[in-house]
Amino acid sequence: MSIITRTTNVKEPTSVLERYTLKGKKAVVTGAAGGIGRATSMAFAELGADVAIVDIPGKLEESRAVAEEISRKYGVKTMAVGTDVSDQESVRAMAAQVADELGTIDVVHSNAGIGSHGDGPDISLEHWNRIISVNVTGVMLVDVACANVMIAHKHGGSIINTASLSSHIINQPFRKDSPAILAYPTSKAAVRHMTKSLALNYAKYGIRVNSISPGYIWSGLHAGLTSEQTDFEESTVPLGGYGCLDDVTGPVTLLATDLGRYMTGSDILFDGGVTIY
(Lines give C-alpha, C1' and ligand atoms only; values in the text may rest on other atoms or scores of the structure.)
Protein backbone atom coordinates (compact mmCIF):
# COMPACT_ATOMS: atom_id res chain seq x y z
CA MET A 1 0.00 0.00 0.00
CA SER A 2 1.55 3.29 -1.08
CA ILE A 3 1.26 6.47 0.94
CA ILE A 4 0.20 9.53 -0.98
CA THR A 5 1.92 12.72 -0.01
CA ARG A 6 0.91 16.17 -1.19
CA THR A 7 1.65 19.76 -0.53
CA THR A 8 -1.09 21.84 1.06
CA ASN A 9 -2.09 25.46 1.17
CA VAL A 10 -1.87 25.54 4.95
CA LYS A 11 0.04 28.65 5.97
CA GLU A 12 0.00 31.42 8.49
CA PRO A 13 -2.76 34.02 8.02
CA THR A 14 -1.70 37.10 6.10
CA SER A 15 -2.66 40.71 6.76
CA VAL A 16 -6.36 41.46 6.40
CA LEU A 17 -5.63 45.10 5.68
CA GLU A 18 -3.15 44.24 2.92
CA ARG A 19 -5.80 42.10 1.23
CA TYR A 20 -8.53 44.70 1.68
CA THR A 21 -7.47 46.88 -1.23
CA LEU A 22 -8.28 47.58 -4.86
CA LYS A 23 -5.24 49.72 -5.52
CA GLY A 24 -4.43 49.72 -9.22
CA LYS A 25 -7.68 47.96 -10.14
CA LYS A 26 -10.25 49.20 -12.65
CA ALA A 27 -13.91 48.90 -11.69
CA VAL A 28 -17.27 49.19 -13.46
CA VAL A 29 -20.48 49.91 -11.56
CA THR A 30 -23.87 49.98 -13.29
CA GLY A 31 -26.83 51.85 -11.90
CA ALA A 32 -24.18 54.10 -10.37
CA ALA A 33 -25.76 57.55 -10.63
CA GLY A 34 -27.30 57.16 -7.19
CA GLY A 35 -28.20 54.87 -4.32
CA ILE A 36 -26.41 51.54 -3.97
CA GLY A 37 -24.34 51.99 -7.16
CA ARG A 38 -23.02 55.38 -6.08
CA ALA A 39 -22.15 53.98 -2.65
CA THR A 40 -20.21 51.00 -4.02
CA SER A 41 -18.46 53.24 -6.57
CA MET A 42 -17.25 55.41 -3.70
CA ALA A 43 -16.16 52.35 -1.73
CA PHE A 44 -14.16 50.98 -4.67
CA ALA A 45 -12.49 54.37 -5.13
CA GLU A 46 -11.65 54.64 -1.44
CA LEU A 47 -9.90 51.28 -1.74
CA GLY A 48 -7.84 52.64 -4.64
CA ALA A 49 -9.68 51.62 -7.81
CA ASP A 50 -10.33 53.77 -10.86
CA VAL A 51 -14.08 53.63 -11.46
CA ALA A 52 -16.45 53.83 -14.44
CA ILE A 53 -19.83 55.26 -13.39
CA VAL A 54 -22.40 53.62 -15.67
CA ASP A 55 -26.09 54.47 -15.81
CA ILE A 56 -28.81 55.08 -18.40
CA PRO A 57 -28.10 57.77 -21.02
CA GLY A 58 -30.80 59.96 -19.50
CA LYS A 59 -28.78 60.15 -16.26
CA LEU A 60 -25.44 60.96 -17.91
CA GLU A 61 -25.20 64.36 -16.23
CA GLU A 62 -25.86 62.79 -12.82
CA SER A 63 -23.26 60.12 -13.61
CA ARG A 64 -20.71 62.80 -14.52
CA ALA A 65 -21.40 64.60 -11.26
CA VAL A 66 -20.84 61.38 -9.29
CA ALA A 67 -17.64 60.66 -11.24
CA GLU A 68 -16.31 64.16 -10.55
CA GLU A 69 -17.22 63.93 -6.88
CA ILE A 70 -15.44 60.59 -6.47
CA SER A 71 -12.34 61.68 -8.38
CA ARG A 72 -12.06 64.84 -6.32
CA LYS A 73 -12.56 63.05 -3.01
CA TYR A 74 -10.36 59.99 -3.54
CA GLY A 75 -7.86 61.08 -6.19
CA VAL A 76 -8.62 58.22 -8.58
CA LYS A 77 -9.47 58.30 -12.26
CA THR A 78 -13.18 58.15 -13.04
CA MET A 79 -15.39 58.27 -16.11
CA ALA A 80 -19.12 58.38 -16.80
CA VAL A 81 -20.82 56.29 -19.44
CA GLY A 82 -24.45 56.37 -20.57
CA THR A 83 -25.53 52.80 -21.28
CA ASP A 84 -28.75 50.88 -21.77
CA VAL A 85 -27.85 47.59 -20.10
CA SER A 86 -30.67 45.78 -21.90
CA ASP A 87 -29.11 46.58 -25.28
CA GLN A 88 -26.20 44.34 -26.30
CA GLU A 89 -24.47 46.83 -28.57
CA SER A 90 -24.73 49.57 -25.94
CA VAL A 91 -23.17 47.27 -23.34
CA ARG A 92 -20.39 46.11 -25.67
CA ALA A 93 -19.59 49.74 -26.51
CA MET A 94 -19.46 50.57 -22.79
CA ALA A 95 -17.04 47.73 -22.00
CA ALA A 96 -14.79 48.70 -24.92
CA GLN A 97 -14.79 52.37 -23.87
CA VAL A 98 -13.93 51.53 -20.27
CA ALA A 99 -11.14 49.16 -21.30
CA ASP A 100 -9.76 51.82 -23.63
CA GLU A 101 -9.87 54.70 -21.16
CA LEU A 102 -9.01 52.88 -17.92
CA GLY A 103 -6.80 50.17 -19.45
CA THR A 104 -8.80 47.09 -18.46
CA ILE A 105 -11.63 45.88 -16.22
CA ASP A 106 -10.89 44.02 -12.98
CA VAL A 107 -14.03 44.48 -10.89
CA VAL A 108 -17.69 44.73 -11.89
CA HIS A 109 -20.71 45.55 -9.77
CA SER A 110 -23.61 44.70 -12.08
CA ASN A 111 -26.18 46.60 -10.08
CA ALA A 112 -28.63 48.22 -12.52
CA GLY A 113 -32.20 47.13 -11.88
CA ILE A 114 -35.79 48.34 -11.89
CA GLY A 115 -39.15 47.57 -10.34
CA SER A 116 -42.63 48.56 -11.44
CA HIS A 117 -45.82 49.83 -9.86
CA GLY A 118 -48.60 47.36 -10.44
CA ASP A 119 -46.27 44.36 -10.31
CA GLY A 120 -48.48 41.33 -9.74
CA PRO A 121 -50.41 38.72 -11.71
CA ASP A 122 -52.10 41.49 -13.72
CA ILE A 123 -48.84 43.20 -14.71
CA SER A 124 -48.83 44.22 -18.36
CA LEU A 125 -46.63 42.19 -20.68
CA GLU A 126 -44.79 45.39 -21.57
CA HIS A 127 -43.81 46.00 -17.95
CA TRP A 128 -42.97 42.32 -17.38
CA ASN A 129 -40.64 42.29 -20.39
CA ARG A 130 -39.01 45.56 -19.32
CA ILE A 131 -38.21 44.26 -15.82
CA ILE A 132 -36.78 41.01 -17.19
CA SER A 133 -34.79 42.83 -19.90
CA VAL A 134 -33.07 45.11 -17.38
CA ASN A 135 -32.83 42.92 -14.28
CA VAL A 136 -31.89 39.64 -15.96
CA THR A 137 -30.75 40.24 -19.54
CA GLY A 138 -28.99 43.45 -18.52
CA VAL A 139 -27.00 41.75 -15.77
CA MET A 140 -26.02 38.94 -18.14
CA LEU A 141 -24.92 41.32 -20.91
CA VAL A 142 -22.78 43.41 -18.55
CA ASP A 143 -21.21 40.34 -16.94
CA VAL A 144 -20.35 38.70 -20.25
CA ALA A 145 -19.00 41.85 -21.93
CA CYS A 146 -16.78 42.68 -18.97
CA ALA A 147 -15.65 39.08 -18.49
CA ASN A 148 -14.62 39.01 -22.14
CA VAL A 149 -12.31 41.96 -21.45
CA MET A 150 -10.79 40.11 -18.47
CA ILE A 151 -10.29 37.00 -20.60
CA ALA A 152 -8.77 38.93 -23.50
CA HIS A 153 -6.38 40.71 -21.13
CA LYS A 154 -5.47 37.39 -19.51
CA HIS A 155 -6.16 38.29 -15.90
CA GLY A 156 -8.84 37.28 -13.46
CA GLY A 157 -11.40 39.48 -11.84
CA SER A 158 -14.45 39.75 -9.65
CA ILE A 159 -18.04 40.22 -10.80
CA ILE A 160 -20.75 41.02 -8.25
CA ASN A 161 -24.42 40.93 -9.23
CA THR A 162 -27.17 42.61 -7.25
CA ALA A 163 -29.96 40.17 -6.46
CA SER A 164 -32.32 40.82 -3.52
CA LEU A 165 -33.94 39.33 -0.46
CA SER A 166 -36.82 38.94 -2.96
CA SER A 167 -34.74 36.27 -4.70
CA HIS A 168 -35.14 34.17 -1.55
CA ILE A 169 -38.74 34.92 -0.57
CA ILE A 170 -41.86 36.56 -1.92
CA ASN A 171 -42.32 39.81 -0.01
CA GLN A 172 -45.42 39.88 2.15
CA PRO A 173 -47.93 42.44 0.81
CA PHE A 174 -48.44 45.29 3.27
CA ARG A 175 -52.20 45.05 2.71
CA LYS A 176 -54.11 41.78 2.80
CA ASP A 177 -55.96 42.68 -0.38
CA SER A 178 -52.78 43.65 -2.26
CA PRO A 179 -51.24 41.20 -4.77
CA ALA A 180 -47.83 39.70 -4.12
CA ILE A 181 -45.21 41.11 -6.48
CA LEU A 182 -44.37 38.80 -9.35
CA ALA A 183 -41.89 40.08 -11.94
CA TYR A 184 -39.34 41.59 -9.55
CA PRO A 185 -38.72 38.51 -7.36
CA THR A 186 -38.75 36.31 -10.46
CA SER A 187 -36.04 38.46 -12.03
CA LYS A 188 -33.91 38.53 -8.90
CA ALA A 189 -34.14 34.78 -8.40
CA ALA A 190 -32.95 34.42 -11.98
CA VAL A 191 -29.96 36.67 -11.21
CA ARG A 192 -28.95 34.48 -8.28
CA HIS A 193 -29.13 31.27 -10.34
CA MET A 194 -27.44 32.88 -13.36
CA THR A 195 -24.61 33.94 -11.07
CA LYS A 196 -23.87 30.29 -10.31
CA SER A 197 -23.76 29.35 -14.00
CA LEU A 198 -21.45 32.24 -14.87
CA ALA A 199 -19.24 31.39 -11.89
CA LEU A 200 -18.80 27.85 -13.18
CA ASN A 201 -18.12 29.01 -16.73
CA TYR A 202 -15.54 31.63 -15.76
CA ALA A 203 -13.72 29.88 -12.91
CA LYS A 204 -11.07 28.52 -15.29
CA TYR A 205 -10.15 32.11 -16.18
CA GLY A 206 -9.72 33.16 -12.55
CA ILE A 207 -12.91 35.22 -12.69
CA ARG A 208 -15.11 35.00 -9.61
CA VAL A 209 -18.85 35.67 -9.94
CA ASN A 210 -20.99 36.20 -6.85
CA SER A 211 -24.20 37.97 -5.92
CA ILE A 212 -25.54 40.03 -3.05
CA SER A 213 -29.08 39.94 -1.69
CA PRO A 214 -29.79 43.17 0.19
CA GLY A 215 -32.88 43.53 2.31
CA TYR A 216 -34.72 46.79 2.83
CA ILE A 217 -32.00 49.36 2.22
CA TRP A 218 -33.13 52.98 2.54
CA SER A 219 -32.37 54.94 -0.61
CA GLY A 220 -33.99 57.40 -2.98
CA LEU A 221 -36.23 54.61 -4.26
CA HIS A 222 -38.25 54.87 -1.05
CA ALA A 223 -39.19 58.51 -1.59
CA GLY A 224 -42.46 57.50 -3.27
CA LEU A 225 -43.60 55.09 -0.55
CA THR A 226 -46.30 56.00 1.95
CA SER A 227 -45.63 55.97 5.68
CA GLU A 228 -47.99 53.00 5.90
CA GLN A 229 -45.76 51.05 3.51
CA THR A 230 -42.48 51.97 5.21
CA ASP A 231 -43.88 51.29 8.69
CA PHE A 232 -45.00 47.85 7.52
CA GLU A 233 -41.63 47.00 5.96
CA GLU A 234 -39.80 48.06 9.13
CA SER A 235 -42.13 45.93 11.24
CA THR A 236 -40.96 42.79 9.37
CA VAL A 237 -37.26 43.35 10.19
CA PRO A 238 -36.06 41.58 13.38
CA LEU A 239 -33.09 43.94 13.70
CA GLY A 240 -35.55 46.80 13.73
CA GLY A 241 -35.79 48.89 10.61
CA TYR A 242 -34.17 49.72 7.32
CA GLY A 243 -30.55 49.12 6.45
CA CYS A 244 -28.39 51.91 5.05
CA LEU A 245 -25.95 52.17 2.16
CA ASP A 246 -23.04 51.36 4.50
CA ASP A 247 -24.61 47.94 5.00
CA VAL A 248 -24.12 47.25 1.28
CA THR A 249 -20.52 48.37 0.82
CA GLY A 250 -19.15 45.80 3.27
CA PRO A 251 -20.36 42.67 1.43
CA VAL A 252 -19.57 44.16 -1.99
CA THR A 253 -15.99 45.12 -1.12
CA LEU A 254 -15.44 41.73 0.52
CA LEU A 255 -16.31 40.09 -2.80
CA ALA A 256 -14.33 42.61 -4.86
CA THR A 257 -11.07 42.31 -2.92
CA ASP A 258 -8.77 39.41 -2.12
CA LEU A 259 -10.64 38.94 1.16
CA GLY A 260 -13.18 37.07 -0.95
CA ARG A 261 -10.68 35.22 -3.15
CA TYR A 262 -12.14 31.77 -2.36
CA MET A 263 -15.75 32.76 -2.99
CA THR A 264 -17.49 32.15 -6.30
CA GLY A 265 -21.06 31.23 -7.11
CA SER A 266 -22.03 32.48 -3.66
CA ASP A 267 -24.81 34.82 -2.57
CA ILE A 268 -24.46 37.07 0.47
CA LEU A 269 -27.82 37.75 2.10
CA PHE A 270 -28.07 40.73 4.47
CA ASP A 271 -31.62 41.63 5.33
CA GLY A 272 -31.81 42.38 9.02
CA GLY A 273 -33.33 38.93 9.53
CA VAL A 274 -36.42 39.27 7.30
CA THR A 275 -35.94 35.84 5.74
CA ILE A 276 -35.64 34.13 9.14
CA TYR A 277 -39.41 33.74 9.13
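Summary of the structure given here. Counting of residues starts from 1 at the beginning of each chain's written sequence and follows it residue by residue. Local features in a predicted model are, by the rule used here, given only for residues with pLDDT of at least 70; side-chain atom pairs are given and counted only at 80 or more, and totals for whole chains, interfaces and linings are based on all residues. No hydrogens and no water enter the side-chain calculation; it runs on all heavy atoms of the structure.

### Topic: helix H8 (residues 246-256)
Accessibility here uses a 1.4 Å probe with only protein chains present; expressed as a share of the type maximum, an area under 20% marks a residue as buried, one over 50% as exposed, and anything in between as partly exposed. Helical segments are the DSSP runs of H or I of at least four residues, strand segments are the runs of E of at least two, and each set is numbered from the N terminus. Of the positions making up H8, those classed as buried are Val248, Thr249, Pro251, Val252, Thr253, Leu255 and Ala256. Any two residues whose heavy atoms approach within 4.5 Å at even a single point are treated as in contact. Each element contacted by the buried residues of H8 is listed here: helix H2 (35-46), strand E4 (107-110), strand E5 (157-162), strand E6 (207-214) and strand E7 (267-270).

### A short note on the packing of helix H4 (residues 88-102) against helix H5 (residues 125-152)
Geometrically, a packed helix pair is captured by the angle between its two axes and the distance between the axes. Helix axes are fitted only over the stretch in contact, all axes being lines through C-alpha atoms; the angle between N-to-C directions runs from 0 to 180 degrees. Packing of H4 against H5 leaves a shortest axis separation of 9 Å and a crossing angle of 35 degrees. The handedness of the crossing between H4 and H5 comes out as right-handed. On H5, the residues touching Gln88, Val91, Ala95 and Ala99 of H4 are Leu141, Val142, Ala145 and Val149. Less than a right angle of anticlockwise turn of the near helix away from the far helix marks a crossing as left-handed, whereas a clockwise turn marks it as right-handed.

### Some thoughts on the environment of Leu255
One can find Leu255 in helix H8. Looking at Leu255, the relative accessible area reads 0%, which means it is buried. Those residues in contact with Leu255 that lie beyond four places of it in its chain are Ser158, Ile160, Arg208, Asn210, Ser211, Ile212, Met263 and Ile268.

### As for the sheet that holds strand E1 (residues 26-30)
Here the rule is simple: two strands pair whenever DSSP picks up at least two bridges between them. Reading across the sheet, the seven strands line up as E3-E2-E1-E4-E5-E6-E7 and stay open at both edges, with parallel pairing between neighbours. Strands at the two margins of the open sheet, each flanked by one partner only, are strand E3 (78-82) and E7. Shown here is a sheet whose adjacent strand axes are inclined to one another by a mean of 15 degrees, direction ignored. Two strands pair when backbone bridges link them, and E1 and strand E2 (residues 50-55) are joined in this way by five bridges, in the parallel orientation. The residue of E2 that forms the bridge with Val29 is Ile53. Along the sheet, H4 contacts E1, E2 and E3; its crossing angle with E3, the most-contacted strand, is approximately 165 degrees.

### As for the packing of H2 against H8
Taken N-terminus to C-terminus, the directions of H2 and H8 make an angle of 50 degrees; their axes are 10 Å apart at the nearest point. In this view, H2 runs oblique relative to H8, as classed from their interaxial angle. For the pair H2 and H8, the crossing hand works out as right-handed. Facing Ile36, Ala39, Thr40, Ala43 and Phe44 of H2, the residues of H8 in contact are Val248, Thr249, Val252, Thr253 and Ala256. The class makeup of the residues in the contact of H2 with H8 is seven nonpolar, three polar and no charged. Angle categories: roughly parallel below 35 degrees, roughly antiparallel above 145, roughly perpendicular from 65 to 115, and oblique for all the rest. Under the scheme applied, nonpolar residues are Ala, Val, Leu, Ile, Met, Phe, Trp, Tyr, Cys and Pro; charged residues are Asp, Glu, Lys and Arg; polar residues are all the others, including Gly.

### What to know about the pattern of salt bridges
Once the charged atoms of two side chains with opposite charge are near each other, the side chains can pair. One speaks of a salt bridge when a side-chain nitrogen belonging to Lys or Arg is within 4 Å of a carboxyl oxygen belonging to Asp or Glu. Counted by the stated rule, this structure contains five salt bridges. Arg38 is the salt-bridge partner of Glu69, the closest N and O atoms lying 2.8 Å from each other. One end of the pair, Glu69, is in helix H3 (residues 60-74); the other, Arg38, is in helix H2, with 31 residues separating them in the sequence. With relative accessibility at 23%, the residue Glu69 sits in the partly exposed group. Judged by relative accessible area, Arg38 falls into the partly exposed class, the value being 28%. Arg175 is the salt-bridge partner of Glu228, the closest N and O atoms lying 3.2 Å from each other. With Glu228 in helix H7 (residues 227-235) and Arg175 in the loop between E5 and helix H6 (183-202), the pair connects residues that are 53 residues apart, well separated along the chain. For Arg175, a relative accessible area of 41% gives the class partly exposed.

### Structural notes on the nonpolar core
Residues grouped as a nonpolar core are buried Ala, Val, Leu, Ile, Met, Phe, Trp, Tyr and Cys residues, joined through side-chain atoms within 4.5 Å. Counting residues in hydrophobic clusters, the biggest one holds 33 residues, and the most contacted among them are Val28, Val98, Ile105 and Val108. Every element with two or more residues in this core is listed here: E2, E3, H4, H5, H6 and E6. Broken down by element, the residue count for this core peaks at nine residues, all from H5. In contact with Val98, other than residues within four places in its own chain, are Val28, Ala52, Met79, Val81, Gly103, Thr104 and Ile105. Formed by 26 residues, the second largest nonpolar core is a distinct cluster that contains Ala27, Val29, Leu47 and Leu255.

### Side note on the packing of aromatic side chains
In this scheme Phe, Tyr and Trp rings, the latter by its six-membered ring, pair at centre separations within 6.5 Å, and the angle between planes marks the pair as stacked below 30 degrees, edge-to-face above 60, and tilted otherwise. Inspection of every chain in the model, using the stated rule, returns three aromatic pairs. Seen from their ring centres, Phe174 and Phe232 are 6.5 Å apart, and the 50 degrees between their planes marks the pair as tilted. Residue Phe174 is located in the loop between E5 and H6, and its partner Phe232 is located in helix H7; the two are separated by 58 residues in the primary sequence. Arranged with centres 4.9 Å apart and planes meeting at 80 degrees, the rings of Trp218 and Tyr242 form a pair that is edge-to-face. You can see Trp218 sitting in the loop between E6 and H7 and its partner Tyr242 sitting in the loop between H7 and H8, a full 24 residues away along the chain.

The values reported here are purely geometric and, on their own, carry no functional implication.
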